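Secondary and tertiary structure notes
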Amino acid sequence: MLTPRSALIDLGRYVELMGRVLTRPDRWRMFYRQYVTEMFQLGYNSIGIVLIISFFIGAVICLQIKLNIQSPWMPRMVVGYTTREIMLLEFSSSIMCLILAGKVGSNIASELGTMRITQQIDALDIMGVNSANYLILPKVAGLITIMPILVTFSVASGVLGAYATSLMGTTTVPELNEGFRYSFNQWFFWCGIIKAIVYAFIITTVSSYKGYTVVGGSVEVGKASTDAVVTSSILVLFADIFLTQILT
Amino acid sequence: MISVQHLYKSFDGRTVLHDINARFDNGKVNLIIGQSGSGKTVFMNNLVGLLTPDSGTIMYDDRDFVSMSKREKILLRREMGMIFQSAALFDSMSVLDNVMFPLNMFSDKPYDDRRRRAEDCLARVNLSGTGGKFPKELSGGMQKRVAIARAIALEPRYLFCDEPNSGLDPKTSIVIDELIQGITHEDHITTIVNTHDMNSVMGIGENIIFICEGRAEWQGPNTEIMDADNQRLDDFIFASDILRQVKLAHDEARRG
Ligand SMILES: Nc1ncnc2c1ncn2[C@@H]1O[C@H](COP(=O)(O)OP(=O)(O)OP(=O)(O)O)[C@@H](O)[C@H]1O
Ligand SMILES: [Mg+2]
């Protein structure tokens, strides 16, 4: 049950955990090793899903606009222009991260939760290792590094998807070209990157918190994994409102 | 030496440990024995700092563990090794990486030296050649031995083992016990073992603390356990028919 009291307790414990995570690693060589592994596991393994989803969404947005909005008294470039702006401003940053929150969030929470209930985290603590820092910081740093790249891939794949609709004869390449180039504002791309970095931080830290603090057995790990996805999705959307307001 | 004075611990108002006093000697295998649920694991977790006692003192040689700062605790922990009831190996790492982990984390030696040390530790628990395997590919007894190798990699001064024999057959249990005893004597470690295995009590119990319902009822070496004048200890130790007959024979021999 989510009550104001339990939310405040959660917030306090989250902040306390972050205090232990965001410190200097005990040993940099171990940090780099984990960092590269996490970039690979969380980021590289998500490239496929990002490319596929973005390609289809790019195509669908393009079709929807062409079929529903364009009319003889609208300029030709509207289709390309609108598709580009939707991809850059919302889809490739916020919605993409929302989808990744499901994949990455449940992955992190179940991994850390299992380590907690099988006492692997206790084993780290007994050795005198800062377990929160050793386990969580590389995940945070890894996803923050890789997320901007995923966003860039997503935009590119969305544009390709839009071009693919010309193969169906619905749109034409010249009209898309014109739309994609029309009044391009580079800042919008950077907005997407900034948002992605913030979301990467939210997804990794919230999911890590849920997994790291599991008490109990496999049922609780499952619950933590669901909680991680739900909570980080809500927080991503919440952050989206503020970031959109601040950045544009 | 580790000494414990007036240790109390309770959960939600239910007292699990009452006024425990105990001494664990250097270079000896110290056993904590008692029934399931008597509070052995809670006691050990207080000793290593996974739990904080409600009151009482825990002295590591001359250092007061309970009132230490976080920083000092972390430094002291680097002198500890622990073997968990479930082995708690890192399942994403190979066996060799598991044993090398504490070295990678805390040793400034070059890679080759760290690797050699890890291989030596594996050889010591008779597991040379399994370095490339993953924990899930090993049997329970082998996992326990890897856990021992990992715990001794940094040459600890204090070694904690929570039921190292649970889930193992009697023969494998004896192998593990002898390993622990050998390491303790050779490296002059203060070793503390939680157990309810009578073979261990008779085999390696150089100093035994008997805990019953959260109270330390009796302390002494296994050579004195037969003559201990404590009904609860007798009920616990000589619970099976065979052992009761051993006890009767012993008592008769002493009288007659
Ligand atoms: N985190 C906890 N919260 C509440 N009660 C606990 C907790 N940990 C242990 N207890 C209680 O403390 C008592 C002692 O438990 P403990 O695990 O120390 O037993 P044990 O002697 O190690 O038993 P076993 O031999 O079965 O491992 C039990 O009654 C248990 O219910
Ligand atoms: Mg126990």
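Placed above this text is the structure.
Residues numbered from 1 in each chain as written. Chains lettered and ligands numbered in written order. Predicted model: local features only at pLDDT ≥ 70, side-chain atom pairs only at ≥ 80, totals over all residues. Heavy atoms only, no water.

Topic: the packing of helix H4 (residues 78–117) of chain A against helix H7 (residues 173–181) of chain A
Residues and elements named next belong to chain A.
- Contact geometry of H4 with H7 gives a least axis separation of 6 Å together with a crossing angle of 50 degrees. Taken together, the axes of H4 and H7 are oblique relative to one another. Relative to H7, H4 is oriented so that their crossing is right-handed. Contacts from Val79, Gly80, Tyr81, Thr83 and Arg84 of H4 reach H7 at Leu176, Gly179, Phe180 and Arg181.
- Grouping the constituent residues of the contact of H4 with H7 by class yields 4 nonpolar, 3 polar and 2 charged. (Axes fitted to C-alpha atoms, helices over the stretch in contact; angles between N-to-C directions. Helix = DSSP H or I, 4+ residues; strand = E, 2+ residues; numbered from the N terminus. Parallel < 35°, antiparallel > 145°, perpendicular 65-115°, else oblique. Left-handed = near helix turned anticlockwise from the far one by under 90°. Contact = heavy atoms within 4.5 Å. Nonpolar A, V, L, I, M, F, W, Y, C, P; charged D, E, K, R; others polar.)

Some remarks on the sheet that holds strand S1 (residues 2–11) of chain B
All names here are of chain B.
- With respect to topology, 4 strands assemble into an open sheet ordered S2-S1-S4-S5, the strand pairing being antiparallel. The two strands at the open ends of the sheet, each matched to only one other strand, are strand S2 (14–24) and strand S5 (63–64).
- Two strands pair when backbone bridges link them, and strand S4 (residues 55–60) and S5 are joined in this way by 2 bridges, in the antiparallel orientation. By the bridge assignment, Tyr60 is partnered in S5 with Arg63. (Pairing = 2+ DSSP bridges.)

Brief notes about the packing of aromatic side chains
- Applying the stated criterion to the full structure yields 17 aromatic pairs over all chains.
- Seen from their ring centres, A:Tyr14 and A:Tyr209 are 6.0 Å apart, and the 85 degrees between their planes marks the pair as edge-to-face. With a gap of 195 residues between them, A:Tyr14 in helix H1 (residues 4–21) and A:Tyr209 in helix H8 (residues 186–212) connect regions that are remote in the sequence.
- In this structure an aromatic cluster arises from ring pairing among A:Trp28, A:Phe31, A:Tyr32 and A:Tyr35.
- A:Arg116 extends its terminal NZ or CZ atom over the ring of A:Tyr212, reaching a point 4.8 Å from the ring centre.
- Sitting over the ring of B:Phe90, B:Arg150 keeps its end group 4.6 Å from the ring centre. (Phe/Tyr/Trp six-rings, centres within 6.5 Å; stacked < 30°, edge-to-face > 60°. Lys NZ or Arg CZ within 6 Å of the ring centre and 35° of its normal.)

Here we look at the nonpolar core
- B:Phe24, B:Phe43, B:Tyr60, B:Phe101 and B:Phe160 are the most contacted members of the largest nonpolar core, which totals 92 residues.
- Of all hydrophobic cores here, the second largest spans 47 residues; its members include B:Leu96, B:Leu122, B:Val193 and B:Ile237. (Core = buried A, V, L, I, M, F, W, Y, C linked by side-chain atoms within 4.5 Å. Buried < 20%, exposed > 50% of the residue type's maximum accessible area, 1.4 Å probe, protein only.)

Describing the site of ligand 1
All names here are of chain B.
- The environment of ligand 1 is formed by 14 residues, the closest being Ser36, Gly37, Lys40, Thr41 and Glu163.
- Within the backbone of Gly37, one N or O atom sits 2.8 Å away from an oxygen atom of ligand 1.
- A distance of 2.6 Å is found between an oxygen atom of ligand 1 and a side-chain nitrogen or oxygen belonging to Thr41.
- Burial of ligand 1 by the surrounding chains reaches 63%, relative to a free accessible area of 630 Å².
- Elements with a contribution of two residues or more to the shell around ligand 1: S2 and helix H1 (40–48).
- Element by element, the count of residues in the shell around ligand 1 is highest for H1, at 3 residues.
- Along the lines of polarity and charge, the residues of the shell around ligand 1 split into 3 nonpolar, 8 polar and 3 charged. (Near = heavy atom within 4 Å. Polar contact = N/O pair within 3.5 Å; in protein donor to acceptor, adjacent residues only side chain to side chain. Areas by Shrake-Rupley, 256 points an atom, 1.4 Å probe, with all protein chains shown as cover.)

Concerning empty space enclosed by the protein
- For the coordinates displayed, the defined rule picks out 3 cavities of 30 Å³ or more.
- A:Met127, B:Met80, B:Gly81, B:Arg150 and B:Ala151 are the residues nearest the centre of the largest cavity, which is lined by 13 residues in total.
- The set of elements that each furnish at least two residues to the lining of the largest cavity consists of helix H5 (120–126) of chain A together with strand S6 (80–83) and helix H5 (140–152) of chain B.
- Looking at the lining of the largest cavity, its residues break down into 9 nonpolar, 1 polar and 3 charged.
- In this structure, the second largest cavity encloses a volume near 40 Å³. (1 Å grid on protein atoms, 1.4 Å probe; cavity = no way out; pocket = protein on both sides within 12 Å on 5 of 7 lines; lining within 4 Å. Points joined across faces, edges and corners; volume = space filled by probe spheres on them.)

Overview of the sheet that holds S6(B)
All names here are of chain B.
- Spatial ordering of the open sheet is given by S6-S7-S8-S3-S9-S10, a layout of 6 strands whose pairing is mixed. Since the sheet does not close on itself, it has two edges, and those belong to S6 and strand S10 (215–220), each with one partner. Ignoring which end each strand starts from, the neighbouring axes of this sheet average 15 degrees apart.
- Here S6 pairs with strand S7 (residues 158–162) via 4 bridges, running parallel. Its bridge partner lying in S7, Met80 is registered against Tyr158.
- In this fold H1 packs onto strand S3 (29–33), S6, S7, strand S8 (190–195) and strand S9 (207–212), with an angle of close to 155 degrees to the strand it touches most, S8.
- Along the sheet, helix H6 (residues 170–187) makes contact with S3, S7 and S8, crossing S8 at roughly 160 degrees.

A few points about the interface of chain B and chain A
- Taken together, the contact between chain B and chain A spans 24 residues of the former and 18 residues of the latter.
- The shortest N-O distance in the salt bridge between A:Arg27 and B:Asp108 comes to 2.9 Å.
- Counting across the chain B and chain A interface gives 8 residue pairs in polar contact (both at pLDDT 80 or more).
- With 6 residues, the top contributor of residues to the side of chain B that touches chain A is helix H3 (residues 95–106) of chain B. (Salt bridge = Lys/Arg side-chain N within 4 Å of Asp/Glu carboxyl O.)

A closer look at the pairing of S10(B)
Residues and elements named next belong to chain B.
- As paired strands, S9 and S10 are joined by 5 bridges and run antiparallel to one another. Bridged to Ile209 within S10 is Gln219.
- Where S9 hands over to S10, the hairpin turn is made up of 2 residues, of which Glu213 adopts a positive phi near 45 degrees.

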